[in-house]
Amino acid sequence: MSLIKKIKSAVEAIGLEFLYDRGEGLDKLIDDSDLSGGKCVVYSFLLANSTLKDGKESANFGIFFAKMTEFDFNAIENDDLQNECKVIAAEFIDNLQKGNELTISGEVSLQYFYDEFSVNVTGVAINATFDETSGINIC
């Protein structure tokens, strides 16, 4: 299984929808995703080249935890939504550390965002290096 599929699996393991694409493709996926009822959707970008060592892949990803917000949001209400996303991101990291497919090396940085796409989403992004614990078998 590829590194991105392992991240997708870890996101879906906590009951969230996972989206992965670039630019307009991701914008369309977010537009078509189910953000109703305060649901959180997760999308991702590969932030740097991946590396392959001893058959194990490692790469830096931005993982975005997003919820729908209003265009003219109230700052305190938006902060509440971003905090809810931060809690979900922390749950994702905690769940990942309990598994056996991926680890995170180094520090995890956190960034708040708003209005990145045609749909008004807000939330937090984590920036981290994800490492496979097992990779491809080299014969």
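Not measured: the values here are computed from a predicted model.

Visitor: Got a sec to walk through the overall build of the protein? Specific residues and values, please.
Guide: Scanning the protein from terminus to terminus reveals three helices and six strands. For the protein, the α and β elements follow one another from N to C terminus as α-β-α-β-β-β-α-β-β. Computed over its C-alpha atoms, the radius of gyration of the protein comes to 15 Å, within 12% of the 14 Å expected for a compact globule of 139 residues. For the C-alpha atoms alone, the extent of the protein along its principal axes is close to 55 × 30 × 25 Å. Classification of the 139 residues of the protein by burial places 40% in the buried group. Look at the contacts in the protein between residues 6 or more apart in sequence, and 64% of them connect residues 24 or more apart. Roughly 8,000 Å² of accessible area belongs to the protein as shown, and the carbon and sulfur atoms make up 48% of that amount. When the 11 positive and 24 negative side-chain charges of the protein are each reduced to one mean point, those points stand 9 Å apart.

Visitor: I'd like a rundown of the nonpolar core, residues and numbers included.
Guide: Counting residues in each nonpolar core, the largest one holds 25 residues, and the members touching the most others are Ile7, Phe65, Phe92 and Phe130. When contributions to this core are tallied by element, the ones reaching two or more residues are helix H1 (3-13), strand E4 (56-68), helix H3 (75-98) and strand E6 (121-132). The biggest single contributor to this core is H3, with six residues. Apart from the residues within four sequence positions on either side, Ile7 is in contact with Phe18, Phe61, Ile63, Phe92, Leu102 and Phe130. Within the second largest apolar cluster, 13 residues are counted, among which are Leu26, Val41, Tyr43 and Val119.

Visitor: Which residues make up the pattern of salt bridges, and what values go with them?
Guide: Applying the stated criterion across every chain yields a total of six salt bridges. Linking Lys98 and Asp94 is a salt bridge whose minimum nitrogen-to-oxygen distance equals 3.2 Å. Remark: Asp94 and Lys98 occur in helix H3; sequence separation between them is four residues, near one turn of the helix. Of the residues examined, Lys98 reaches a relative accessible area of 63% and is grouped as exposed. Residue classification places Asp94 among the partly exposed positions, given a relative accessible area of 37%.

Conventions adopted
- Residues numbered from 1 in each chain as written.
- Predicted model: local features only at pLDDT ≥ 70, side-chain atom pairs only at ≥ 80, totals over all residues.
- Heavy atoms only, no water.
- Helix = DSSP H or I, 4+ residues; strand = E, 2+ residues; numbered from the N terminus.
- Rg over C-alpha atoms; globule rule 2.2 N^0.38 Å.
- Buried < 20%, exposed > 50% of the residue type's maximum accessible area, 1.4 Å probe, protein only.
- Contact = heavy atoms within 4.5 Å.
- Areas by Shrake-Rupley, 256 points an atom, 1.4 Å probe, with all protein chains shown as cover.
- Lys, Arg positive; Asp, Glu negative; His and termini not counted.
- Charge placed at Lys NZ, Arg CZ, Asp CG, Glu CD.
- Core = buried A, V, L, I, M, F, W, Y, C linked by side-chain atoms within 4.5 Å.
- Salt bridge = Lys/Arg side-chain N within 4 Å of Asp/Glu carboxyl O.

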